[in-house]
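A look at the structure
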Amino acid sequence: MTLIDDAQLAARLVTEAARLASEMRTTGLEVARKTSVSDVVTDADHAAERLVVETLTRERPDDGLLGEEGTEAAGTSGRRWVIDPVDGTYNFASGSDYWCSAIALTDGDVAVLGAVAHHATGTVWVGGPDLPTTANGQPLDGRQDAELAGLSVASYLHPSGIGHENVREPFLRAASGAATLRMLGSGSMDLVGVATGRIGAWFQHSTPAWDWLPGAAIVAGAGCSAVQREVGGLLWSAAGPPTATREIVERLTGEDR
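Parameters at a glance
Residues numbered from 1 in each chain as written. Predicted model: local features only at pLDDT ≥ 70, side-chain atom pairs only at ≥ 80, totals over all residues. Heavy atoms only, no water. Buried < 20%, exposed > 50% of the residue type's maximum accessible area, 1.4 Å probe, protein only. Helix = DSSP H or I, 4+ residues; strand = E, 2+ residues; numbered from the N terminus. Contact = heavy atoms within 4.5 Å. Core = buried A, V, L, I, M, F, W, Y, C linked by side-chain atoms within 4.5 Å. Pairing = 2+ DSSP bridges. Axes fitted to C-alpha atoms, helices over the stretch in contact; angles between N-to-C directions. Phe/Tyr/Trp six-rings, centres within 6.5 Å; stacked < 30°, edge-to-face > 60°. Salt bridge = Lys/Arg side-chain N within 4 Å of Asp/Glu carboxyl O. Expected span 1.5 Å × (residues − 1).

Our next topic: helix α4 (residues 165-175). For α4, the complete set of buried residues consists of Val167, Pro170, Phe171, Arg173, Ala174 and Ala175. Turning to α4, the residues buried within the fold contact β12 (180-182), β13 (201-205), β14 (225-231), β15 (234-240) and α7 (242-253).

With that out of the way, let us pick up the environment of Gly137. Note on placement: Gly137 falls in the loop between β9 (131-135) and β10 (138-139). Counting along the chain gives 126 residues from Gly137 to Ala11, while the straight-line C-alpha distance between them is 9.9 Å.

Even without being glycine, Asn136 reaches a positive phi, approximately 50 degrees. For Asn136, the location among the structural elements is in the loop between β9 and β10. Not every positive phi belongs to a glycine, and Ser206 is a case in point at roughly 55 degrees. For Ser206, the position within the fold is in the loop between β13 and α6 (209-221).

This brings us to the nonpolar core. A general trend in soluble globular proteins is that nonpolar side chains are found buried together. Formed by 30 residues in total, the largest nonpolar core has its most connected members in Val52, Leu56, Trp81, Ile103 and Val126. Counting residues per element, this core draws most heavily on helix α1 (residues 3-26), which supplies 10 residues. Residues within four places of Val126 in sequence aside, it is in contact with Ala7, Ala11, Gly114, Ala115, Leu131, Pro132, Thr133, Thr134 and Ile218. Core analysis: the second largest hydrophobic core is formed by 28 residues, Ala104, Met189, Ala195 and Trp210 among them.

Bringing the sheet that holds β15 into the picture now. Taken together, 5 strands build an open sheet; the order of strands is β12-β11-β13-β15-β14 and the sheet is mixed. Two strands lie at the open edges of the sheet, namely β12 and β14, each paired on one side alone. The average angle at which neighbouring strand axes cross in this sheet is 20 degrees, direction not considered. Along the sheet, α4 contacts β12, β13, β14 and β15; its crossing angle with β15, the most-contacted strand, is approximately 15 degrees.

Let's shift gears to the pairing of strand β2 (residues 39-42). Here strand β1 (residues 31-36) pairs with β2 via 4 bridges, running antiparallel. By the bridge assignment for β2, Arg33 is matched with Val40. Connecting β1 to the antiparallel partner β2 that follows it, the hairpin turn spans 2 residues.

Tallied over the entire structure, the rule returns 4 aromatic pairs. Taking 5.8 Å as the distance between ring centres and 20 degrees as the angle between the ring planes, the aromatic pair formed by Trp202 and Trp212 counts as stacked. In this pair, Trp202 is assigned in strand β13 and Trp212 in helix α6, connecting sequence segments 10 residues apart. Exposure class is identical for Trp202 and Trp212. Each is buried.

Enumeration over the complete set of coordinates arrives at 9 salt bridges. A salt bridge links Glu69 to Lys34, with the nearest nitrogen and oxygen atoms 3.4 Å apart. Note that Glu69 is positioned in the loop between β3 (64-67) and β4 (72-73) and Lys34 in strand β1, a separation of 35 residues in sequence. In this structure Lys34 comes out as partly exposed when scored by relative accessible area, which is 35%. A salt bridge links Arg168 to Glu169, with the shortest nitrogen-to-oxygen separation between them at 3.0 Å. Residue Glu169 is classed as partly exposed on the basis of its relative accessible area of 28%. Residues participating in the shared-partner salt-bridge network are Asp6, Arg60, Asp63 and Arg79.

Next up on the list: α7. The terminal C-alpha atoms of α7 lie 17 Å apart, and with 12 residues this matches the ideal 16 Å at 1.5 Å per residue to within 8%. Those residues of α7 not exposed but buried are Thr243, Ala244, Thr245, Ile248, Val249 and Leu252. Here the buried face of α7 lies against β11 (152-154), α4, β13, β14 and β15. Gly254 sits one or two positions beyond α7 and adopts a positive phi of about 85 degrees.

With that out of the way, let us pick up the environment of Ile218. One can find Ile218 in helix α6. A relative accessible area of 0% means that Ile218 is categorised as buried. Sequence spacing of Ile218 and Gly197 is 21 residues, and the spatial spacing of their C-alpha atoms is 12 Å. Contact partners of Ile218, with chain neighbours within four places excluded, come to Gly114, Ala115, Val116, Trp125, Val126, Gly127, Thr133, Val192 and Ala195.

What follows is the structure in structure tokens.
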């Protein structure tokens, strides 16, 4: 099995998952709260994850599985598929189109590819460190390196985090270095935005694997940087052009002082 074969499968899986979720939304969703009023799950999330898992179990039976909605299987190949059936569920349940279906394939500890499907525009991005990122099969234009001060930066900060100094202070240091700040509600969509240049750079703390790995692989395939660093007991993730990403990390850690 080649990386191209896996990429084609990943593109098909996210396309089908996003289509199913969108179809279910048109007929009405069952929405449940997980950890907070903004952390929700719908019946479409569960159905789309089942669709992906059933296909992978059949077509990649030796690979491990990890899904946001509870799927977990060890596998025997050393590879693992990380699944986010609907990324941006609060947006999705609220009627916004800023959501996607996303998947990553890891080999050991390395994400070798990611795929993201944005159903509203019919766009599927696929890429990885050794797989130049494409949008619907067409290569992306390369991004130029840039400093953080000239870029927008997307992030996410739950209101409960504002009261914690180890969250608030690194966040403020990083955010204050950018030209403007965006909070849009889907990590994978944000990271695709970094790969395409629609968003300058991105950072967030405590990002789950399914919110980080698909987009990080696509960012890497677009020639940008995607890194993680522990600061104050929290794992922060950052992505963007190399210079901007380095500046974000320096600001998060306080090394820019």
